[in-house]
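# Examining the three-dimensional arrangement
Each chain is listed here by its residues.
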Amino acid sequence: MGRYVIRRLLQFIPTVLGTMFLLHYMTSLAIQFSGNPVRALFGDRTPPPALLEAITERLGYGDPCLSQKGNWCIGLFGDRLQSVFFHFDFGINLRQREVTDLVADALPFTLKLLVIAILFEAVVGIAAGVLAGLRGGSFTDYLVKISTVFIISVPIFVLGVVVREFVGVKFGNVLRGQDWIPDVISTGMFSPGFKPDYPFASLIIPGMVLGAVSLATTARLTRTSIMENIRADYVRTAKAKGLTNKRVIGVHTLRNSLIPVITFLGVDIGAAMAGAVVTETIFNVPGIGRLVTMSARTGESSVVVGVVTMLVLVVLVANLLVDLLYAVLDPRIRYE
Amino acid sequence: MTDVNVKLDALPGLDPNALPLEVKNLQVEFRTRNGIAHAVNGVSFDLRAGETRAILGESGCGKSVTAQAIMGILDTPPGFVTGGEILYRGVDLLKLPESERRKVRANRIAMIFQDALSALNPVFTVGFQLAELFRKHRGMSRQDAKARAIELLDLVKIPAARQRVNDYPHQFSGGMRQRVMIAMALALDPEVLIADEPTTALDVTVQAQIMALLAELQQERNMGLVLITHDMGVVADVADRISVMYAGRVIEEAGVDDIYASPAHPYTKGLLESIPRLDLKGQELSAIKGLPPALTNLPSGCAFNPRCRYAQDVCRKDPAPSLLQVSPSRTAACHFWKEVKGDE
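Residues numbered from 1 in each chain as written. Chains lettered and ligands numbered in written order. Predicted model: local features only at pLDDT ≥ 70, side-chain atom pairs only at ≥ 80, totals over all residues. Heavy atoms only, no water.

Okay, the state of the cysteines next. Tallying each qualifying case throughout the model produces one disulfide over all chains. The partner cysteine of Cys65 of chain A in its disulfide is Cys73 of chain A, sulfur to sulfur 2.3 Å. Disulfide Cys65 of chain A-Cys73 of chain A: the torsion about the S-S bond is 115 degrees, which places it as right-handed. Cys73 of chain A shares its class with Cys65 of chain A; the two are buried. We note that Cys61 of chain B lacks a disulfide partner, and the nearest cysteine sulfur, in Cys302 of chain B, lies 14 Å from it. For Cys302 of chain B, which is in no disulfide, the shortest distance to another cysteine sulfur is to Cys315 of chain B and amounts to 6.1 Å. (Disulfide = S-S within 2.5 Å. Buried < 20%, exposed > 50% of the residue type's maximum accessible area, 1.4 Å probe, protein only.)

Residues and elements named next belong to chain B. Structurally, chain B comprises domain 1 (17-49 + 64-239) and domain 2 (243-276 + 288-343). Put simply, the middle of domain 1 and the middle of domain 2, counted by C-alpha atoms, are 29 Å apart. On the side of domain 2, 12 residues touch domain 1, which itself brings 18 residues to the contact. Carbon and sulfur atoms make up 65% of the surface buried where domain 1 meets domain 2, a total of about 1,100 Å² over both sides. (Domains from an automatic or database assignment. Contact = heavy atoms within 4.5 Å. Buried area = accessible area lost by both parts, 1.4 Å probe.)

Moving on: the UniProt feature "transmembrane region" (unreviewed entry) in chain A. Residues and elements named next belong to chain A. Look at the UniProt record and you will see "transmembrane region" (unreviewed entry) annotated at residues 12-33, 113-134, 146-167, 198-221, 257-283 and 303-329. This span, residues 113-134, is 100% helix and 0% strand, and a straight line between its end C-alpha atoms measures 31 Å. Counted over residues 198-221, helix gives 75% and strand 0%. Its end C-alpha atoms are 34 Å apart. (UniProt positions renumbered as here; feature names shortened; annotations may be inferred. Helix = DSSP H or I, 4+ residues; strand = E, 2+ residues; numbered from the N terminus.)

Quick look at the UniProt feature "domain: ABC transporter" (unreviewed entry) in chain B now. Mapped onto this structure's residue numbering, the UniProt feature "domain: ABC transporter" (unreviewed entry) falls at residues 23-272 of chain B. Helix and strand shares over residues 23-272 of chain B are 41% and 27% respectively, and the end C-alpha atoms of the span are 26 Å apart.

For the rest of this paragraph, the subject is the nonpolar core. Within the largest apolar cluster, 81 residues are counted, with the highest numbers of intra-cluster contacts made by Leu21, Ile109, Ile182, Leu193, Ile194 and Val226 of chain B. Among the elements that line this core, the one with the most residues is helix 7 (residues 174-186) of chain B, at seven residues. Ala117, Leu203, Leu210 and Leu291 of chain A belong to the second largest nonpolar core, which has 51 residues in total. (Core = buried A, V, L, I, M, F, W, Y, C linked by side-chain atoms within 4.5 Å.)

Below, the structure is given as structure tokens:
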């Protein structure tokens with residue numbers, strides 16, 4: 001077990017280095033093709049060449065490799081690795097703020113969003129899946145099957161925009177016209193975007209949008225798993241032991257059925273992080289996802305490389321924890 | 001510590017002098033898309049305390065379904081009990097409400113299954129699965145229940161029970177797993193044990209050990225055993241009385257010696273002739289021709305007639321006779337039982 005964890009941790013190194021290099025190369029290419037990102041600071045005005053050069057040098061965009069299209073910029077990558085791993089310095093953005101500070105500001109929003117999304121998909125998804133799976137072929141079963149296919153087929157950016165327009169704007173406006181509805185609900189929860197005054201309530205709907213697709217997958221996975229296990233021999237044994245129906249299902253069937261579901265939920269944390277990029281942009285949430293999108297647009301390579309590298313680490317750690325959790329849930333699994 | 005042998009509140013109508021198990025004219029059907037399959041078609045047998053009743057038949061003849069109907073663990077749908085009576089000490093289990101019926105399971109009638117690996121829950125320790133019975137049926141604390149679980153593992157001769165109680169089913173060998181199953185079935189001291197092919201998944205040496213263990217425990221407790229099997233060898237060793245089933249019916253019923261000496265139904269006879277024998281080494285093994293019929297499409301007349309070498313026109317036209325008295329203690333459902341029996 002210990003050796004397994006160490007081996008997995010060692011595998012992190014090439015993954016992280018590889019991702020960093022890929023990101024580094026892509027952001028460098030972007031600069032090589034679209035020009036010095038520092039010019040964005042000046043908008044339409046043409047900056048004095050001396051000032052432009054000074055700022056470019058200060059922000060680390062002065063390396064000549066950045067003006068040679070297709071150059072790998074290995075030297076720059078070496079510098080970046082050195083500052084990240086030896087000085088824990090991820091660099092600064094155009095406005096000279098530390099990337100670590102930017103992440104620290106943005107992370108709480110993304111975490112809240114993720115917690116809402118994962119809770120929503122786990123609770124509702126598992127409940128729907130269990131109800132559908134226990135009575136295969138029933139009305140509930142068809143309802144769950146059809147609605148999940150519908151959710152899975154709609155891309156998250158379409159779903160997000162539609163929900164924002166209809167729930168946040170139209171339905172929200174109706175609610176805001178009613179005096180008796182508390183503000184937390186009318187202007188907080190049913191707002192078209194994130195509201196700093198309601199840091200939790202206004203994240204509920206974005207979180208639900210973020211969790212929607214995975215909720216459908218969770219429900220289907222639970223449904224299949226329950227249907228498969230409900231006919232298992234050990235469930236028959238549990239019945240023959242004279243246990244109550246509640247215990248036969250709630251303990252003997254569910255425990256086995258949830259193993260694949262929990263594995264999926266764990267891996268899904270990574271996917272939800274990626275989904276947060278889209279959801280945060282649609283709902284204007286000042287989280288990690290929006291930070292990456294904005295920085296990618298302005299070509300701030302240090303922010304993109306730094307933040308995505310951190311995300312990669314989060315996903316890797318989450319996957320490792322899921323694999324370890326798997327062994328806890330299913331005693332037949334052993335890691336040597 | 002609570003005493004396991006304290007019996008539950010008496011069932012209404014319970015007669016302590018009645019037989020521990022009596023099945024009368026049981027009918028079970030499976031409603032499938034391809035039509036109704038009459039899996040059990042008027043099965044009757046009884047069981048005395050301490051007796052071993054073997055139910056013998058090939059796969060799909062309805063013996064496991066009979067067992068599940070007695071336990072009340074048929075998958076419904078598609079399986080439905082449509083008629084007959086299952087009497088436990090005079091109480092018809094089919095008429096009991098589910099809450100009462102549930103208390104009969106494991107407490108009074110218990111069951112062990114064929115494949116102990118899949119019949120034990122893979123994600124719980126055997127200790128948990130044994131202790132669960134005491135906790136849920138006897139209201140014992142976790143600690144007491146676990147102590148009882150260890151005693152049970154000792155009882156079924158699992159070495160180092162105190163350590164093994166925390167192991168998971170996959171950590172046991174096949175024979176040890178079947179011992180755990182037996183321990184689980186005997187936990188609440190039932191009067192009737194239904195063993196559905198308990199040794200089929202085991203190799204021959206382990207089979208013998210398990211059957212010996214079952215016989216020993218049965219004798220200690222004066223427990224009735226319904227042994228469901230297709231293994232003629234196992235039956236010869238341990239059974240007192242035998243019911244042979246074919247296509248959902250009992251076609252012959254007799255004491256074990258009578259059946260082996262002179263079968264009165266051509267199907268039983270075919271089964272006995274298909275046992276490999278040392279003294280007939282080198283000769284071709286005789287087998288029953290053909291396949292068992294599909295339960296959704298039984299042949300007209302006697303269900304066995306297409307495979308029967310004694311079949312006459314009457315067998316193809318008229319339904320098979322109900323069990324005919326062959327001798328005071330045995331019956332057979334064949335028009336020509338005399339010929340079958342005499343033709344040795």
